[in-house]
Amino acid sequence: MDQPCFNPERDWRVDGVELRSRLLLGSASFPSAAVMRDAITASGAEIVTVGLKRISQGGEAADFVPTLLDTVRCSGGRLLPNTAGCFDAKSAIATAMMARELFETNWIKLEVIGDRGSLQPDPVETAEAARVLVREGFVVWPYCTDDVVSCRRLLDAGCAVLMPWGAPIGSGQGLLNPFALQYLRRSLPQARLIVDAGIGAPSHAAHAMELGYDAVLLCSAVSRARDPVEMAGAFAAAVHAGRSAWRAGVIARSEQAIPSTAVGS
């Protein structure tokens, strides 16, 4: 069985910040601010994302902000603003600048969408925005595909973390191309890799962690569940189990049966 070429015991830290939870949670689409608060608590997530464009539109989304800020602060976690809703580098950069002023953090989840149907990120505009934001002192967490060439360019631009998708945002389809994700993990052994988007069930999150990913980020799978709070706890357990399984060493698949007990001829 091939062994991972990176250290399974390395600290989980970003930008010098030591983290314990490997589950990151979005804050959109919850039925109420109270449910959002309880789900974040049940998940144990230390990093919670929030979309500036969603808040700037006002209404119910903006009403969730005080609860979100209180919940993250009381848990000792970190807010990760995102540039969701941006379709070019210029608007993403402007949104990131506003997010830094509003939330007083230089962490930014960079999203630059290139296709409205699949919500696939634009690799060219994402890389351009990343280069500018890194120069401006941001710690950039780009949403990207599982393409290893594009990912290397984002690392070269100075991104602290890469967030390749498992499937289109909100689709709940899980890991559509586990081979590509595994190849990416092995090709970039020192990179911080987080599966972002498309996760629908705790088993999908466990699968990502079994591939050696550092963490998973999800939102709809919890916020749109029948019971978001219980689902958040289920995902926390799945992420822990998947990480433990990867550290223990998942056995290689075989084309034929292999008896666990020797049998006679």
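Let me begin by describing the structure that accompanies this report. Since this is a predicted model, take the numbers as computed values, not measurements.

Right, let's talk about the packing of aromatic side chains for a bit. Two aromatic rings are characterised by how far apart their centres lie and by the angle between their planes. According to the stated counting rule, one finds 2 aromatic pairs in the structure shown. With 6.4 Å between their ring centres and 20° between their planes, Phe-179 and Tyr-183 make a pair best called stacked. With Phe-179 and Tyr-183 both in helix H8 (residues 178–187), this residue pair falls 4 residues apart, about one helical turn. With a relative accessible area of 46%, Tyr-183 lands in the partly exposed category. Directly above the aromatic system of Tyr-143 lies the positively charged group of Lys-109, at a separation of 5.8 Å from the ring centroid.

Take the pattern of salt bridges next. Under the criterion given, the structure shown has 8 salt bridges. Note that Glu-46 and Arg-20 form a salt bridge whose closest N and O atoms lie 3.2 Å from each other. Of this pair, Glu-46 sits in the loop between helix H1 (33–43) and strand E4 (47–51) while Arg-20 sits in the loop between strand E2 (17–18) and strand E3 (23–26), placing them 26 residues apart in sequence. We classify Glu-46 as buried; its relative accessible area is 10%. Exposure remark for Arg-20: the relative accessible area of 67% places this residue in the exposed category. Note that Asp-214 is salt-bridged to Arg-192, the shortest N-O span being 3.9 Å. Of this pair, Asp-214 sits in the loop between helix H9 (202–210) and strand E12 (215–218) while Arg-192 sits in the loop between H8 and strand E11 (194–196); the two residues are 22 residues apart in sequence, bridging distant segments of the chain. The exposure class assigned to Asp-214 is buried, which follows from its relative accessible area of 1%. The buried category is assigned to Arg-192, whose relative accessible area is 14%. One connected set of salt bridges, linked through shared partners, spans Lys-109, Glu-111 and Asp-196.

At a minimum axis separation of 7 Å, H9 and helix H11 (residues 228–248) run at an interaxial angle of 25°. One way to sum up the angle between H9 and H11 is to call them roughly parallel. Pair H9 / H11 crosses with right-handed handedness. On H11, the residues touching Pro-202, Ala-205, Ala-206, Met-209 and Glu-210 of H9 are Met-231, Ala-234, Phe-235, Ala-238, Val-239, Gly-242, Arg-243, Ala-245 and Trp-246. Residues that form the contact of H9 with H11 fall into these classes: 11 nonpolar, 1 polar and 2 charged.

On to the pairing of strand E6 (residues 107–110), then. Going residue by residue along E6, you find Trp-107 and Lys-109 tucked away on one face and Ile-108 and Leu-110 tucked away on the opposite face as well. With 4 bridges connecting them, E6 and strand E9 (residues 139–144) associate as parallel partners. Within E9, the position partnered with Ile-108 by the bridge is Val-140.

Rules behind the numbers
Residues numbered from 1 in each chain as written. Predicted model: local features only at pLDDT ≥ 70, side-chain atom pairs only at ≥ 80, totals over all residues. Heavy atoms only, no water. Phe/Tyr/Trp six-rings, centres within 6.5 Å; stacked < 30°, edge-to-face > 60°. Helix = DSSP H or I, 4+ residues; strand = E, 2+ residues; numbered from the N terminus. Buried < 20%, exposed > 50% of the residue type's maximum accessible area, 1.4 Å probe, protein only. Lys NZ or Arg CZ within 6 Å of the ring centre and 35° of its normal. Salt bridge = Lys/Arg side-chain N within 4 Å of Asp/Glu carboxyl O. Axes fitted to C-alpha atoms, helices over the stretch in contact; angles between N-to-C directions. Parallel < 35°, antiparallel > 145°, perpendicular 65-115°, else oblique. Left-handed = near helix turned anticlockwise from the far one by under 90°. Contact = heavy atoms within 4.5 Å. Nonpolar A, V, L, I, M, F, W, Y, C, P; charged D, E, K, R; others polar. Pairing = 2+ DSSP bridges.

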